[in-house]
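Listed below are the residues making up each chain.
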Amino acid sequence: MTQITVDHRRRRQLPRGGPWLLWRQVPKSRGGGREGLALRLMACKSRECPCREVKMQAIRVRDNLVGLELKSDGNLRLSYAVEEASPRPQPTGNQTVDAWIEFESGEVGLSESTDRTGGATEILAWLRSEVDGDLLDRFYDEWLRAKAWKRRDQPDWEALRSIEPSEMVYWQEAFPDERPDVFLLRDGAFIVWDAHCINPHCTFTDSRLMILDTVNHESHEVGSVLVDHVRGVAKDFEAFTISKSAMRRVWRAYSRRHQVAKRLRIRKQRLTELVRQVDLPSAPPLASLQNRTVVKIGRNQPCPCGSGKKYKRCCGRPGR
């Protein structure tokens, strides 16, 4: 059994394994105060299953909730204070809906068995409004946990060793196990990678977001956005094969999902620290990396396909 004590000072309680709690303010037109959602998470345990989603049972709760327990039979037990915490009107009962979320794209939907009446669509809108990068990362962790997989905390040292100090490096190259950041827009499905200057002496205050579209399970670079990672604002849009208006829509979706300045600054700092460690004992010996069954090609080496280009400009491009 897993249980949590409700901390009313926090808007979210997201313990590993669940259950989770989300809170929001009730509009004054409905009496004001707060109401919450208690979430029970479920993910497919089969490693062969291609699913990329987490299922959840969302229960609407009153603001005098004091405890939440996930019982051994999988059901949630809610504990309320004897006295109402507020004289304001409260949601009646524990309204429940079954929903799902794709942790890569943030798309949320109701299960086919859910009754769309009685406030279910309002709860769905509530869930959609909660989607951000942190929440999606937590869903990804729960999906990995269900399949008994772990994200590698250590970076890809071999990839870091192959990068020239003057180059910008993609976070996703150093940490290939990170959750893919997918955006489903009217223009298509896009993946966003972020690149940073890795020279420890670099004073460059910009990071670059590479935008890739996905067609037939392959990714292609379609544009990039230069972002000031101090202020978290876009400075320039470079379109390759899509319009700048489409790129601006991707940027707006990205900035809604993430705290841009904080996210990019933290990632740049982390990569810079890793670069300092590449030649130190903290990095695994190159020989141990070469013993892997899969041998990587250096980014600046000739591409093995015979094109004559560097690997990073050919088959080693992001998404290839």
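Shown above is the structure to which this text applies.
Residues numbered from 1 in each chain as written. Predicted model: local features only at pLDDT ≥ 70, side-chain atom pairs only at ≥ 80, totals over all residues. Heavy atoms only, no water.

K.L.:
When you look at helix 6 (residues 260–277) in this model, what are you seeing that I'm missing?
P.N.:
Helical periodicity: at 3.6 residues per turn, an α-helix aligns residues three or four positions apart in one direction. With 18 residues, helix 6 should reach 26 Å at 1.5 Å per residue; the first-to-last C-alpha distance of 26 Å fits that figure. Within helix 6, burial applies to Val260, Ala261, Arg263, Leu264, Arg267, Lys268, Leu271, Thr272 and Leu274. (Helix = DSSP H or I, 4+ residues; strand = E, 2+ residues; numbered from the N terminus. Expected span 1.5 Å × (residues − 1). Buried < 20%, exposed > 50% of the residue type's maximum accessible area, 1.4 Å probe, protein only.)

K.L.:
Explanation requested: the packing of aromatic side chains in the structure shown.
P.N.:
Any pair of aromatic rings gets described here by the distance separating the centres and the angle formed by the planes. On inspection of all chains with the given rule, the structure shows nine aromatic pairs. Their ring planes at 45° and their centres at 5.0 Å tell us that Phe103 and Trp143 sit as a pair that is tilted. Of the two residues, Phe103 is situated in the loop between strand 8 (96–102) and strand 9 (108–110) and Trp143 in helix 2 (residues 133–146); the sequence distance between them amounts to 40 residues. Since its relative accessible area comes to 0%, Phe103 is described here as buried. Judged by relative accessible area, Trp143 falls into the buried class, the value being 3%. By way of ring pairs, the aromatic residues Phe103, Tyr140, Trp143 and Trp149 are connected into one cluster. (Phe/Tyr/Trp six-rings, centres within 6.5 Å; stacked < 30°, edge-to-face > 60°.)

K.L.:
Looking at this structure, how should I read the nonpolar core?
P.N.:
Across soluble globular proteins, nonpolar side chains have a tendency to be buried as a group. Leu37, Leu39, Met56, Ile101, Leu127 and Phe139 are the most contacted members of the largest nonpolar core, which totals 28 residues. The biggest single contributor to this core is helix 2, with six residues. Beyond its immediate stretch of four places on either side in the chain, Met56 contacts Leu39, Arg40, Leu41, Met42, Val97, Asp98, Ala99, Trp100, Ile101, Val108, Leu127 and Phe139. By size, the runner-up hydrophobic cluster in this structure holds 18 residues, among which are Val225, Ala246, Met247 and Leu264. (Core = buried A, V, L, I, M, F, W, Y, C linked by side-chain atoms within 4.5 Å. Contact = heavy atoms within 4.5 Å.)

K.L.:
Whenever I open this one, the sheet that holds strand 4 (residues 34–42) confuses me. Can you help?
P.N.:
Think of a sheet as strands paired side by side through backbone hydrogen bonds, with each pair either parallel or antiparallel. Across the sheet, six strands lie side by side as 2-3-4-5-8-9; this open sheet has antiparallel pairing. With partners counted over all chains shown, the strands left at the sheet margins are strand 2 (12–13) and strand 9, one partner each. In the sheet, strand 5 (residues 53–62) pairs with strand 8 via seven bridges, with the strands oriented antiparallel. Across the sheet, Ala58 pairs through a bridge with Val97, a residue of strand 8. (Pairing = 2+ DSSP bridges.)

K.L.:
Looking at this structure, how should I read helix 1 (residues 120–130)?
P.N.:
Among the residues of helix 1, those classed as buried are Ala120, Ile123, Leu124, Trp126, Leu127 and Glu130. The buried residues of helix 1 all sit within an arc of 160° when viewed along its axis, so they share a single face. (Arc of directions from axis to C-beta.)

K.L.:
Please clarify how the sheet that holds strand 7 (residues 76–80) should be interpreted in this entry.
P.N.:
Across the sheet, three strands lie side by side as 1-6-7; this open sheet has antiparallel pairing. Two strands bound the open sheet, and with one partner strand each, they are strand 1 (2–5) and strand 7. Going from strand to strand, the sheet's axes swing by 15° on average, the running direction of each strand aside. Pairing of strand 1 with strand 6 (residues 65–70), which is carried by four bridges, proceeds in the antiparallel orientation. Looking at the pairing, Thr5 lines up with Gly67 of strand 6. (Axes fitted to C-alpha atoms, helices over the stretch in contact; angles between N-to-C directions.)

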